[in-house]
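# Commentary on secondary and tertiary structure
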Amino acid sequence: MLRKSIFTEGEYYHLYNRGTEKRNIFSLQKDYERFVALLYLSNSAESIHIDNLNRGERGETLLTKAVDIGRGETLVDLGAYVLMPNHFHLLVKEKTTGGISKFMQKLTTGYTMYFNKRHERTGALFQGVFKSTHASEDRYLKYLISYIHLNPIKLIEPKWKETGVTNHAKAEQYLQTYHYSSYLDYAGQVREENNIINKTSLPNYFEKTTDFNSHIADWLKYTD
């Protein structure tokens, strides 16, 4: 479903959605890989054909194939993302009028078609039209970068936000091994997923990788 444009060029937005009836939308590695590849390909002003987006030979990933296809001019600047078993979070900047809506329509439609075919099902996969919040303040925008990247900790410590992280080293190590977010790209790892995001579209909160790592470490120690 394509919502009416409520977004402003040059502004930042937190976009998120979950599976209908809170169902898992990612269960296998190839589910995550498909969505990651679609994050790249869907961010295109051109019509991109993804019918043959399958694993290549010699271990070629879906993202490798997506990058090889190319995409031309992008619709949005994707600053950060995370995929969780039953939902996702994105931080984007509107580049052109209608860019966010077009990007999200391509992304969710493409993934729903893949998911329904794999599970031999029909109907909606996501819980209605995606949700959004406007990151109109600098402080909130910086907070969102941390919030999005810290989401996977819920998988090992579901109540960490209420009670604090019980094992900081374990939590940090888990983030370092969680591949389905842009955390590793901010943490300085050189990988193919760097093609998906545009960190320079965000304010330069972290001049060096160590600045980002220190910022995350401070959040892990935070308690209310």
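My aim in this report is to walk through the structure given alongside it, one point at a time. (Residues numbered from 1 in each chain as written. Predicted model: local features only at pLDDT ≥ 70, side-chain atom pairs only at ≥ 80, totals over all residues. Heavy atoms only, no water.)

Counting residues in each nonpolar core, the largest one holds 65 residues, and the members touching the most others are L90 and Y111. Considering every element that reaches this core, the biggest residue donor is helix α1 (residues 29–41), with eight residues. (Core = buried A, V, L, I, M, F, W, Y, C linked by side-chain atoms within 4.5 Å. Buried < 20%, exposed > 50% of the residue type's maximum accessible area, 1.4 Å probe, protein only. Helix = DSSP H or I, 4+ residues; strand = E, 2+ residues; numbered from the N terminus.)

Tallying each qualifying case throughout the model produces 21 aromatic pairs. Here the aromatic rings of F26 and Y111 are separated by 5.4 Å at their centres, their planes lie at 55°, and the arrangement is tilted. Of the two residues, F26 is situated in the loop between β1 (12–18) and α1 and Y111 in helix α3 (residues 99–119); the sequence distance between them amounts to 85 residues. Here the two residues F26 and Y111 agree in accessibility, since each one is buried. Where Y32 meets Y180, the ring centres are 4.2 Å apart and the plane angle is 15°; that geometry is what we call stacked. Highlighted residues: Y32 in helix α1 and Y180 in the loop between α6 (168–177) and α7 (183–186), separated in sequence by 148 residues. The exposure class assigned to Y32 is buried, which follows from its relative accessible area of 10%. By way of ring pairs, the aromatic residues F26, Y32, F35, F88, Y111, Y114, F115, F126, Y174, Y178 and Y180 are connected into one cluster. (Phe/Tyr/Trp six-rings, centres within 6.5 Å; stacked < 30°, edge-to-face > 60°.)

It is worth spelling out the side chain of R71 at this point. On the secondary structure map, R71 appears in the loop between α2 (62–69) and β2 (76–84). An unpaired buried charge is present at R71: no salt bridge exists, and D77, the closest side chain of opposite charge, is 7.5 Å distant. Within the local environment of R71, its side chain forms a polar contact with the backbone oxygen of N195, the two atoms lying 3.4 Å apart. The contact partners of R71, leaving out residues within four places of it in the chain, are L39, Y40, N43, S44, E46, I48, N195 and I196. (Lys, Arg positive; Asp, Glu negative; His and termini not counted. Salt bridge = Lys/Arg side-chain N within 4 Å of Asp/Glu carboxyl O. Polar contact = N/O pair within 3.5 Å; in protein donor to acceptor, adjacent residues only side chain to side chain. Contact = heavy atoms within 4.5 Å.)

Let us look at the pattern of salt bridges. One pass over the full model with this rule turns up four salt bridges. Across the pair K95 and E73 runs a salt bridge, and its minimum N-O distance is 3.4 Å. One end of the pair, K95, is in the loop between β3 (87–94) and α3; the other, E73, is in the loop between α2 and β2, with 22 residues separating them in the sequence. A relative accessible area of 27% places K95 in the partly exposed class. For the salt bridge of E193 with R191, the shortest nitrogen-to-oxygen distance reads 3.7 Å. In this structure, a network of salt bridges that share partners links the residues D185, R191 and E193.

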